[in-house]
Amino acid sequence: WWISIGEVKRMYVPNTPPQPEYWVLSLSGGKDSTALGLEWLKRHQQDPVTYPLHEVIYCDTGMEFPAMVEHINRLEQIFTGAGIKFTRLKSEKSFEYLMFEYQPKKKNPELQHLKGKSWPTSKVRWCTGELKQKIVSRYFKQLRKQKTVIQLVALAADEEYRLERKNNQDPNHRHPLIDWGWTEADCLKYCYEAGFDWGGLYELFRRPSCWCCPLQPLDELRKLRKHFPDLWAKLLDMEHRTWNTFKEFYTVDQLEIRFAFEEERLAAGLPINRTREFMSALRKRLEEAGFPQNK
């Protein structure tokens, strides 16, 4: 006769009880996770068995808009007031340290002497990896040693295509917004009706992430300069302390010149759309300021 490996394990390894489920909401602070959090909490208070919730996790990059910081503070009070654990995660290394001081080994030997990672790019989004993904993954890894973690993820119904991505196919992930049929617009409307407006951030930006993000489109950078001059001044200072260009074709100084030039043209009744005439005039203005021609 023979015995399987599984039967051997059952004979010699004591049965371990299944780990208890531990339901966690991943909170970014944006409209979708806020709507999910508020609605799930409301249902949890009415029916904690069907809508369990043990902890809310928020990861702070340190570079959020002041209004977002206030928003998170308010949510923390709501969840903790309801008896839900609220955990703030943050990297020991700040954005500024990683950008200006940290000296990792660089693949390009010509860059080896330069300090800091400099600006994130679309190809190297070190900010997301270092300040969010690594920190959150480490925390969840510790939780999973003792519990079966069920993670509430705020993917809206019109983002269902993202479920095809490997990182969104974890069997312990739940996507209530998709189950409820709530779109991004539904989530924003829900938050507004609940009295959350982020100080008007969503009226200016499609996704109000870190204010210093170089991946913002030009239109949103114009709004940053106009509505948040103090943050724009910080952005100019950061540009002067690092070695890489803020955007592929523009430094922050060049953007300052471009946006001021656009304001002059608008005041004179001239268009600022990307015509040959406008781009030629802009190149001339940049050259006059001592910058090389831009594409």
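Please read these numbers as outputs of a predicted model, since none were measured by experiment.

A. View of the sheet that holds strand β1 (residues 21-27). Sheet architecture is open: five strands sit in the order β3-β2-β1-β4-β5, paired in parallel fashion. If you trace the sheet from one side to the other, it starts and ends with β3 (85-89) and β5 (173-174), each paired once. Where strand β2 (residues 55-59) lies against β3, five bridges are found, and the strand directions are parallel. Bridging from a neighbouring strand, Glu-55 pairs with Lys-85 of β3. Its contacts with the sheet place helix α3 (residues 66-81) against β1, β2 and β3, and it is angled at close to 150° to β3. Of the strands in this sheet, β1, β2, β3 and β4 (148-152) are in contact with helix α5 (residues 126-144), which crosses β2 at around 155°.

B. Looking closely at the side chain of Gln-216. Positionally, Gln-216 belongs in the loop between α8 (201-204) and α9 (218-227). Only 2.9 Å separates the side chain of Gln-216 from the backbone oxygen of Cys-213, close enough to count as a polar contact. Other than its neighbours up to four places away in sequence, Gln-216 contacts Phe-205, Cys-210, Trp-211, Leu-221, Leu-224 and Lys-247.

C. Examining α5 more closely. A rise of 1.5 Å per residue sets the reference length of α5, with its 19 residues, at 27 Å; its end C-alpha atoms lie 26 Å apart and thus fit the reference within 8%. Helix geometry: α5 is bent most strongly at Gln-133, by close to 30°. Considered for burial, the residues of α5 that qualify are Trp-126, Cys-127, Gly-129, Leu-131, Ile-135, Tyr-139, Phe-140 and Leu-143.

Cut-offs used in this document
Residues numbered from 1 in each chain as written. Predicted model: local features only at pLDDT ≥ 70, side-chain atom pairs only at ≥ 80, totals over all residues. Heavy atoms only, no water. Pairing = 2+ DSSP bridges. Helix = DSSP H or I, 4+ residues; strand = E, 2+ residues; numbered from the N terminus. Contact = heavy atoms within 4.5 Å. Axes fitted to C-alpha atoms, helices over the stretch in contact; angles between N-to-C directions. Polar contact = N/O pair within 3.5 Å; in protein donor to acceptor, adjacent residues only side chain to side chain. Expected span 1.5 Å × (residues − 1). Bend = angle between axes of the 7 residues up to and from the residue. Buried < 20%, exposed > 50% of the residue type's maximum accessible area, 1.4 Å probe, protein only.

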